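Here are the chains, one letter per residue:
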Amino acid sequence: MRQVFNRALYGLGIRRPSGENQGSVPTFTSRQVNRIDENRIQEYDTGTYTGNIEKFHEKTEQIKQGNPNVSVNATPIEYDADNGQKLQLHRVEIANKERDKITQCCLYTATIHGTEYFGEAAINRMLQIMHDEPEYIRDDCAYVFYVCLNPWGREHGTRTDHNNVDLNRNTMRPEKFDKRDKEIQANPRSQVLYETIKDILNPAEAQTECWFIFRLIKAFVSHLIRCFFTCQPNIFFSTIAGGQTLSKDFLFYGGNKPAESTTAFIADLDTTLTQLPKLTRLIHTDLHTGLGGWKKGTIELKQKVTGSTSTPDPDSAPLMHTDEAEEEGREDATALAPATEKAVQSDSETDDQRLQQTAAELRTYLPEISIEPMKIQYTIAYGDIVDHVCSLQEQFPQLEDITTQCLEVGSARLRNCLLNLLPLAPSLAALHSLSEANRVRTYSGVSDTEKQATSEYQRTKTNFAPESTAWKCESVRLAEAVFRTNHHRMIQQAEVRPEQQKEQTPLMEGHSLETYGTTATSTS
């Protein structure tokens, strides 16, 4: 009974996890990420999509000119949308020309939702680091950046593509759509629940922020009462965000086949990995904004290791978050983003230590980040990009270790300041703005250009891509910390395999853990 009650509190954000089962956490010397000067943010974010892409290609060209021994391929991937429009996925691959030396890959994806484009500035910052600090280009690692996976949504100010498909519910190979549909049909409880909240998420008439939040909380409490003895309050959240399949007019519609941009991305990534025959390790980071308190970063981790005999544990999942609220003299509810049961193997002591080590490494760059195991499991979505990357072992069995992480930077602010007292209120405000924008798209009957001028669309942009320079700087700083942490982890991988490191030396001589002022004092 107490477990059910605690899960309800965790779901509402009223109670934070206890922090038990932390395991052995290694410690490191501190190397903090400096704050970004607000006067220099324009170097990474110009304020427009075209300008950011120009910056992206400018910085890739700088890397190419400064590193003649490195292959830099920034050719855009062109594809035709079913509306007749020709679009491009802008990406770059930075790798050793001797492909047989590459055993690791760092993959970064951004703007899979057209309104969440801070990743463009974040990737531009990462590229600038690679240019200014050449030691961040290793000859045993390939670096792949997809700066915008939803060019149509980015250009038209929408979360979805032109068919209202949420691409982060659509990133699957064609054969997996039938499997998804069967799984959804096999869960009638979720379908019945969606019918009870459909009018809240997809209203025909406008509803205020307060009314929306009240109705959603009321529906959640009713659901908790109904499932009090079944220990499944998480069904409520997975039903909302799990990727609707009933109608393309619904929020989080996942589509019934891969979108053109999805097909282009999957094919290009497959081609890239096929050209790396010795690749054994992949680290992926997906960049998002919107859910969570202002300037708070949450990292959801998933890990898949070949040979692990452990099974997913829905009651144990890692959570990392930053708390910048102290600087503003207030205490916002911490954004919650527990990892899903898919590919999380926390029953294994070894895997748990690896996850704790990741958190410890991240703290070396941002000491304010903390980690606690969550005691509630959300099945976030079918077809999310993180799950797709975890499934790459099916096509590339030589991949022994896949680690994927989603950085979610909170950006929503409520119109009614009193609502800030509610747990998870910023996330609910972001959800309300998405609901209203979807209502305009579905029922207004105006053109795509006219929709961008509506207050509903502008509110969504404000909640997911704030114009605040301070927010932009802090968001890019969070992404930089993840970037540097990923690099540190690659160094560790080389350090624990000295026989491989003799053959795979970094491009810059003298490259080691000590180069970055980051030395492990205990091992996992």
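Residues numbered from 1 in each chain as written. Predicted model: local features only at pLDDT ≥ 70, side-chain atom pairs only at ≥ 80, totals over all residues. Heavy atoms only, no water.

Q: I'm lost on the packing of helix α2 (residues 49–66) against helix α3 (residues 118–132) in this one. Help?
A: Packed helices, taken two at a time, are described by the angle between their axes plus the distance between the axes. Packing of α2 against α3 leaves a shortest axis separation of 9 Å and a crossing angle of 15°. Judged on the interaxial angle alone, α3 and α2 are roughly parallel. Our pair here, α2 against α3, has a crossing hand that is left-handed. Here Tyr49, Asn52, Lys55, Phe56, Lys59, Thr60, Gln62 and Ile63 of α2 come into contact with α3, specifically with Glu120, Ile123, Asn124, Leu127, Gln128, Met130 and His131. Grouping the amino acids of the contact of α2 with α3 by side-chain chemistry returns 6 nonpolar, 6 polar and 3 charged. (Axes fitted to C-alpha atoms, helices over the stretch in contact; angles between N-to-C directions. Helix = DSSP H or I, 4+ residues; strand = E, 2+ residues; numbered from the N terminus. Parallel < 35°, antiparallel > 145°, perpendicular 65-115°, else oblique. Left-handed = near helix turned anticlockwise from the far one by under 90°. Contact = heavy atoms within 4.5 Å. Nonpolar A, V, L, I, M, F, W, Y, C, P; charged D, E, K, R; others polar.)

Q: What should I look at first to understand the side chain of histidine 288 in this one?
A: With respect to the helices and strands, histidine 288 occurs in strand β7 (residues 281–290). One polar contact links histidine 288 to aspartate 286, side chain to side chain, over a distance of 2.5 Å. Apart from residues no more than four positions distant in its own chain, histidine 288 is found in contact with Ile112, His113, Glu116, Phe118, Asn168, Cys406, Leu407, Glu408 and Val409. (Polar contact = N/O pair within 3.5 Å; in protein donor to acceptor, adjacent residues only side chain to side chain.)

Q: Would you explain helix α7 (residues 209–226) in this entry?
A: Along an α-helix, residues three or four positions apart point the same way, because every turn accommodates 3.6 residues. With 18 residues, α7 extends 26 Å from end C-alpha to end C-alpha; this agrees with the ideal 26 Å at 1.5 Å per step. Residues Glu209, Phe212, Ile213, Leu216, Ala219, Phe220, His223 and Leu224 constitute the buried set of α7. One side of α7 carries all its buried residues, which in axial view fall inside an arc of 140°. Turned more than 90 degrees away from the buried face of α7 sit Lys218, Ile225 and Arg226, all of them exposed. (Expected span 1.5 Å × (residues − 1). Buried < 20%, exposed > 50% of the residue type's maximum accessible area, 1.4 Å probe, protein only. Arc of directions from axis to C-beta.)

Q: Help me understand the pattern of salt bridges in this model?
A: Pairing is possible between side chains that carry opposite charge, provided their charged atoms lie close to one another. Within this structure, the stated rule accounts for 25 salt bridges. Here glutamate 436 ties to arginine 439 by a salt bridge, and the two come within 2.9 Å at their closest N and O atoms. One end of the pair is glutamate 436 and the other is arginine 439, both in helix α12 (residues 425–443) and 3 residues apart, which spans about a single turn. Residue class for glutamate 436 comes out buried when judged on its relative accessible area of 6%. A salt bridge links glutamate 467 to lysine 472; the nearest nitrogen and oxygen atoms lie 3.8 Å apart. A single salt-bridge network, built from bridges that share partners, covers Glu116, Arg159, Asp166 and Arg169. (Salt bridge = Lys/Arg side-chain N within 4 Å of Asp/Glu carboxyl O.)

Q: What's the story with the nonpolar core in this structure? I'm lost.
A: Generally speaking, a soluble globular protein has its nonpolar side chains buried in company with each other. Among the nonpolar cores identified, the biggest contains 40 residues, and Ile94, Leu127, Met130, Tyr143 and Phe145 are the most heavily contacted of them. Other than its neighbours up to four places away in sequence, leucine 127 contacts Phe56, Lys59, Thr60, Ile63, Val92, Ile94 and Phe145. Among the nonpolar cores identified, the runner-up in size contains 35 residues, and Tyr146, Leu269, Leu282 and Ile402 belong to it. (Core = buried A, V, L, I, M, F, W, Y, C linked by side-chain atoms within 4.5 Å.)

Q: Please clarify how empty space enclosed by the protein should be interpreted in this entry.
A: Over the atoms a probe the size of a water molecule is rolled, and this reveals where empty space is left. All chains considered together, the criterion is met by 12 cavities of 30 Å³ or more. By volume, the largest cavity amounts to about 180 Å³. Every residue lining the largest cavity is counted, 17 residues in all, and those nearest its centre are Arg159, Thr160, Asn164, Leu434 and Asn438. Mapped onto the lining of the largest cavity, the elements with two or more residues apiece are α12 and α14 (455–464). At 4 residues, the largest contribution of residues to the lining of the largest cavity is made by α12. Considered class by class, the residues forming the lining of the largest cavity number 7 nonpolar, 7 polar and 3 charged. (1 Å grid on protein atoms, 1.4 Å probe; cavity = no way out; pocket = protein on both sides within 12 Å on 5 of 7 lines; lining within 4 Å. Points joined across faces, edges and corners; volume = space filled by probe spheres on them.)

Q: I keep staring at the pairing of strand β6 (residues 141–146) and nothing clicks. Help me out?
A: Residues in a regular strand project their side chains so that they alternate between the two faces of the sheet. Among the 6 residues that make up β6, 6 are buried, leaving the element largely enclosed by the rest of the structure. The alternating pattern of β6 places Cys141, Tyr143 and Phe145 and Ala142, Val144 and Tyr146 on opposite faces, both of which are buried. In the sheet, strand β4 (residues 91–96) pairs with β6 via 4 bridges, with the strands oriented antiparallel. Residue pairing in the sheet places isoleucine 94 in a bridge with tyrosine 143 of β6. (Pairing = 2+ DSSP bridges.)

Q: Would you take a moment to explain unusual backbone geometry for this structure?
A: For residues that are not glycine, phi is negative in most cases, and the peptide bond is trans in most cases. Phi is positive for threonine 111, close to 55°, though the residue is something other than glycine. Tracing the sequence through the fold places threonine 111 in the loop between β5 (104–110) and α3. Of the residues examined, threonine 111 reaches a relative accessible area of 1% and is grouped as buried.

Q: Sorry if this is basic, but what is going on with the pairing of strand β3 (residues 86–89) here?
A: Along β3, the buried face is formed by Leu87 and Leu89; none of Lys86 and Gln88, which line the opposite face, is buried. One ladder, built from 4 bridges, connects strand β2 (residues 77–80) with β3; its direction is antiparallel. Paired with aspartate 80 across the two strands is lysine 86, which belongs to β3. Turn length for the β2-β3 hairpin, with the two strands adjacent in sequence and antiparallel, is 5 residues, and the turn residue glycine 84 shows positive phi of about 90°.

Q: Got a minute to help me understand the confidence of the model for the chain in this structure?
A: Any residue range with low pLDDT should be treated as having predicted coordinates unsuitable for detailed reading. With 69% of its residues at a pLDDT of at least 70, the chain reaches an overall mean of 76. Here residues 1–30 scores under 50 on pLDDT; set against residues more than four positions off or in separate chains, the count is 81 contacts. (pLDDT = per-residue confidence, 0-100.)

Q: How should the packing of helix α6 (residues 188–201) against α7 be read in this particular structure?
A: Running from amino to carboxyl end, α6 crosses α7 at an angle of 170°, the nearest separation of the two axes being 10 Å. In terms of orientation, α6 and α7 fall into the roughly antiparallel class. In this structure, α6 contributes Leu193, Ile197, Asp199, Ile200 and Leu201 to the contact, and α7 contributes Phe212, Arg215, Leu216, Ala219, His223 and Arg226. In terms of residue class, the contact of α6 with α7 is made up of 7 nonpolar, 1 polar and 3 charged.

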